[in-house]
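Secondary and tertiary structure notes
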Amino acid sequence: MESNQKQPKLESRVKNIIEIDGLKFKDLNNSGKLEPYKDWRLTPKERAENLVSLMNIDEKIGMMLINTRKMGLSQEDKSKTSHDGVLDEAIVEKGENIFAVAKIYGTTHTIENMHLRHFIHRDNHSPAQMAEWINKMNEIAEGTRLGIPCLIASNSRNENGESIFGMNDAVGIFSTWPGTLGLAAAAMGDIKNGGDASLISEFAKIAHDEWDATGIRKGYMYMADTATDPRWQRTYGTFGEDAEFISDAIGRIIDGFQGKELGKDSIAMTTKHFPGGGARENGFDPHYAEGKWNLYPTPGSLEKYHLPPFRAAVEHGTSSIMPYYSIPSISKSVVQEFGGEDIPFEEVGFTFNHYFLQRILREGLGFKGYINSDSGITNKMSWGVEDKSEAERFAKAINAGTDLVADTNDIENLKIAIEKGWISEKRINEANVRLLTEMFTLGLFDDRTYVSPENATEVVGTPAHWEAAYEAHKKSVTVLKNSNETLPLTAEKLTNKKVYVEVFHKDPKLAGTYTDQARKECKEIGIFTLTENHEEAEVAILFLQPKSGSYFNATPGLLELELCENKTIKALDGSEYQETTLTEIDRLKEVCNDIHNRGGKVVISVNVTLPWILGNAEPLADALIAGYDTFFKPQFEVIAGQFKPVGVLPLSLPASEEVIAVDENGDCKSPNDVPGYDKDKYMSEGLSYAYKDSDGNVYKLGHGLTY
């Protein structure tokens, strides 16, 4: 079957280009002949099957691993770089940093001798520098025996926020939108106003163009997880708690990045974390042992709340899917069904879980792409198979259906598993065909090997991209409470009044930096008369940026969702410890009281990265708004009435600690596997899950006021 008859424009930097029947092909193995894998007229699958038949076992092993790769620009010791400082050639001994689970070799050695071709990019340099780096890696790859190119993957790069490993590793280089929850808040607001979620489609299309220009062709995104356990650290990376909305958003994301089908201009998506990481055991994250369980205490919850977004991802043709680290718990779940059949829970992480990957994902949902594990499943987060050797873990994961193992260069243990006969050659070939089919489809072997650094600069700098992102920031702003029409603070309302602006954060240093930035952006609006002394202000605009926990380390007790400072908490072992989510909370109260005592007004904005319990902030505010890593300036525009509020809550905010209390058996008052808007169905008498403010507003999914 012939897929493409039009001569692609080929660029070769190392190997020759041969001409056959008036057509040009890259002679990637220097044979002078046209083997099927070089023939762009054939289908990607035919080419992949031919190439796999020519590969030796070491090349196949390297193809099945993806590892983080530093750029030369991030290497301080320039003697450890090559290609004019572009490539990092340093050797990092095992254990020297969090990535060095095994010894890390230089870029050239890793490509030429270890045969890795998939790399995770986490650095944050300019678009032209990224493009140049990817070009140089592909130049080295082109020079190898079969000329197999490299494919570069990255986590999200288009959302604002403090950089967090494994989620948004890079911020501010590409057009910068609000956080994922902010995209959801804006799009759900548009839907509430009679529109649709096309803002998400626009986001995906613009981000696609920027990635495509720089040569990053694979995205570890987006999270299709439904946020059901409020204490889950990664809630901010989700599209909220409404499975129907998330399904729509994920479909639009895939269509925008990949196109209607995968092709040479696509960014291939890896949708994560199958079958949904939201059903945590009281918020603990499976990056550490305390969080290794997924709980399903509610009949039908897996199929009703957690699987629909993955069904949408499969229907829209996502190129690959990433299973979560976690284990389905038998003792803390009731039997779940899929398609009318009971699901047998094998207590191993989902990447090792044959039934979930084969029976549900491939056979049930009809997934055709490849399965990409999460980082570190053979050494750190190998839940349920901790007693097995690393080689046995490779065998377990690959035999369960995992095709690409993430963030490792451990070719030795994968080779042991193959040599001992634990993984069949047929299975290794199947994984390689899947992985190479994606590369051929993306055009990496033909006219999409190299990109233009100049074009990367130009595309990413497109003003329309940044304007669309800024519009999304404005739309994300959610007005939760507006007592006595405090907002909008129009020029008339502010006549002869001074305004005090401050940012509160968990980190006092950052609070100072952000306060300076917020004051500068407030001045740019042009209607506020600012003072740096709250005692002479009639209006205070205060931004709260709380932080809680870290998903690499368990908190001694449950993750704290109240805005608090030095609060005494009981750890799981019964001991006591102190927790702070917001520094200087007493001074926050002083500022608010001072303004109120003089008859003034207080506007508080809370950065909703987690479903905070707002009992320590809402009563202080005449107007309360939510942002989601939303820039300050668009918030000021909404506050000033220069933009009419659109955003709504993409998830419910809990009423109090009581509604998420956990008893001595580890059971939560509100079920871990049910989204906030539906938790009341399962709560004990007299308890309502969502927060209710002094004006009677209920902070539930979809709440948002306007004026």
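Below is a short write-up of the structure. (Residues numbered from 1 in each chain as written. Predicted model: local features only at pLDDT ≥ 70, side-chain atom pairs only at ≥ 80, totals over all residues. Heavy atoms only, no water.)

Side note on the side chain of His-287
Among the secondary structure elements, His-287 is positioned in the loop between strand 9 (268-274) and strand 10 (293-294). A relative accessible area of 11% places His-287 in the buried class. Setting aside anything within four residues of it in sequence, one finds His-287 in contact with Arg-234, Tyr-325, Met-381, Trp-383, Tyr-551 and Phe-552. (Helix = DSSP H or I, 4+ residues; strand = E, 2+ residues; numbered from the N terminus. Buried < 20%, exposed > 50% of the residue type's maximum accessible area, 1.4 Å probe, protein only. Contact = heavy atoms within 4.5 Å.)

Structural notes on the side chain of Ser-320
Tracing the backbone shows Ser-320 in strand 11 (residues 320-323). The exposure class assigned to Ser-320 is buried, which follows from its relative accessible area of 0%. Polar side-chain contacts of Ser-320 include one of 2.9 Å to the side chain of Lys-218. Within the structure, Ser-320 has its side chain in polar contact with the side chain of Thr-270 (distance 2.7 Å). In contact with Ser-320, not counting residues within four places along its chain, are Lys-218, Met-269, Thr-270, Thr-271, Phe-367 and Tyr-370. (Polar contact = N/O pair within 3.5 Å; in protein donor to acceptor, adjacent residues only side chain to side chain.)

Observations concerning the environment of Ala-640
Of note, Ala-640 is situated in the segment after helix 18 (632-639). Taking the relative accessible area as the measure of exposure, Ala-640 reaches 5% and is therefore buried. Separated by 31 residues in sequence, Ala-640 and Pro-671 have C-alpha atoms that sit 40 Å apart.

A short note on the environment of Thr-555
Among the structural elements, Thr-555 can be located in the loop between strand 20 (539-545) and strand 21 (567-570). Residues Thr-555 and Trp-211, spaced 344 residues apart in sequence, show a C-alpha to C-alpha distance of 36 Å. Setting aside its immediate chain neighbours within four residues, Thr-555 contacts Phe-284, Gly-549, Tyr-577 and Glu-579. A polar side-chain atom of Thr-555 sits 2.7 Å from the main-chain carbonyl oxygen of Gly-557.

Focus: the packing of aromatic side chains
One pass over the structure, following the stated rule, counts 21 aromatic pairs. Summarising the aromatic geometry, the rings of Phe-345 and Phe-356 are spaced 6.1 Å apart at their centres and angled 40° between planes, so their arrangement reads as tilted. Taken together, the positions of Phe-345 in the loop between strand 14 (341-342) and helix 10 (354-364) and Phe-356 in helix 10 put the pair eleven residues apart, joining distant regions of the chain. Owing to a relative accessible area of 14%, Phe-345 belongs among the buried residues under this scheme. For Phe-356, a relative accessible area of 0% translates into the label buried. (Phe/Tyr/Trp six-rings, centres within 6.5 Å; stacked < 30°, edge-to-face > 60°.)

Side note on the sheet that holds strand 24 (residues 623-627)
As summarised here, the arrangement of the six strands in space is 17-24-23-20-18-19, forming an open sheet in which the pairing is mixed. The open sheet has two free edges, formed respectively by strand 17 (478-482) and strand 19 (529-531), since each of these has just one partner strand. Each neighbouring strand pair of the sheet contributes to a mean axis angle of 25°, computed without reference to strand direction. Here strand 20 pairs with strand 23 (residues 601-607) via six bridges, running parallel. Across the sheet, residue Leu-544 finds its bridge partner in strand 23, namely Val-606. Here helix 18 sits on the sheet and contacts strand 18 (498-505), strand 20, strand 23 and strand 24; the angle it forms with strand 20, its principal contact strand, is near 140°. (Pairing = 2+ DSSP bridges. Axes fitted to C-alpha atoms, helices over the stretch in contact; angles between N-to-C directions.)

Notes on helix 11 (residues 390-400)
Buried residues of helix 11: Ala-391, Arg-393, Phe-394, Ala-395, Ala-397, Ile-398 and Ala-400, and no others. Close packing links the buried residues of helix 11 with strand 3 (65-68), helix 10, strand 16 (404-406), helix 12 (411-419) and helix 13 (425-441).

Remarks on the nonpolar core
In globular proteins that are soluble, nonpolar side chains generally tend to be buried together. If you look at the biggest cluster of nonpolar residues, it comprises 125 residues, and the most contacted ones within it are Phe-239, Phe-257, Phe-274 and Leu-436. Residues contacting Leu-436, with those up to four places away along its chain left out, are Ala-48, Leu-51, Val-52, Met-55, Met-63, Ile-148 and Phe-445. Ala-185, Leu-542, Leu-561 and Leu-649 belong to the second largest nonpolar core, which has 45 residues in total. (Core = buried A, V, L, I, M, F, W, Y, C linked by side-chain atoms within 4.5 Å.)

Here's the deal with the pairing of strand 23
Counting buried positions along strand 23 gives six out of seven residues, so the element sits mostly inside the fold. The pairing of strand 23 with strand 24 spans five bridges and is parallel. Within the sheet, the bridge partner assigned to Val-603 lies in strand 24 and is Ala-623.

Section: the layout of surface pockets
Each pocket or cavity is described by its volume, and for the largest pocket that value is around 820 Å³. Lining the largest pocket are 34 residues, with Pro-44, Leu-262, Thr-437, Glu-438 and Thr-441 positioned closest to its centre. For the lining of the largest pocket, the secondary structure elements donating two or more residues are helix 1 (44-54) and helix 13. In terms of residue count, helix 13 provides more of the lining of the largest pocket than any other element does, seven residues in total. Its residues assigned to classes, the lining of the largest pocket comprises ten nonpolar, twelve polar and twelve charged. (1 Å grid on protein atoms, 1.4 Å probe; cavity = no way out; pocket = protein on both sides within 12 Å on 5 of 7 lines; lining within 4 Å. Points joined across faces, edges and corners; volume = space filled by probe spheres on them. Nonpolar A, V, L, I, M, F, W, Y, C, P; charged D, E, K, R; others polar.)

Some details on the sheet that holds strand 9
Here eight strands make up a closed barrel; going around it, the order is 3-6-7-8-9-11-15-16 and the pairing parallel. In the sheet, strand 7 (residues 151-154) pairs with strand 8 (residues 218-219) via two bridges, with the strands oriented parallel. Within the sheet, the bridge partner assigned to Ser-154 lies in strand 8 and is Gly-219. Along the sheet, helix 9 (residues 308-315) makes contact with strand 9 and strand 11, crossing strand 9 at roughly 160°.

Some points on the packing of helix 11 against helix 12
Contact geometry for helix 11 and helix 12: axes closest at 8 Å, N-to-C directions at 70°. With respect to helix 12, the element helix 11 is oriented roughly perpendicular. Across the interface between the two elements, Glu-390, Ala-391, Phe-394, Ala-395 and Ile-398 from helix 11 touch Asn-413, Leu-414, Ile-416 and Ala-417 from helix 12. Here the contact of helix 11 with helix 12 is composed, by residue class, of seven nonpolar, one polar and one charged. (Parallel < 35°, antiparallel > 145°, perpendicular 65-115°, else oblique.)

Remarks on the state of the cysteines
Within this structure, the stated rule accounts for zero disulfides. Looking at the unpaired Cys-522, the closest cysteine sulfur is the one in Cys-592, lying at 16 Å. (Disulfide = S-S within 2.5 Å.)

Re unusual backbone geometry
The omega torsion of the bond from Lys-272 to His-273 falls at -5°, within 30 degrees of zero and hence cis. With respect to the helices and strands, the residue His-273 is situated in strand 9. In the segment running from Phe-274 into Pro-275, the intervening peptide bond is cis, with an omega of 0°. Summarising the element assignment, Pro-275 is placed in the loop between strand 9 and strand 10. One non-glycine residue, Asp-629, adopts positive backbone phi at about 55°. Relative to the helices and strands, Asp-629 is located in the loop between strand 24 and helix 18.

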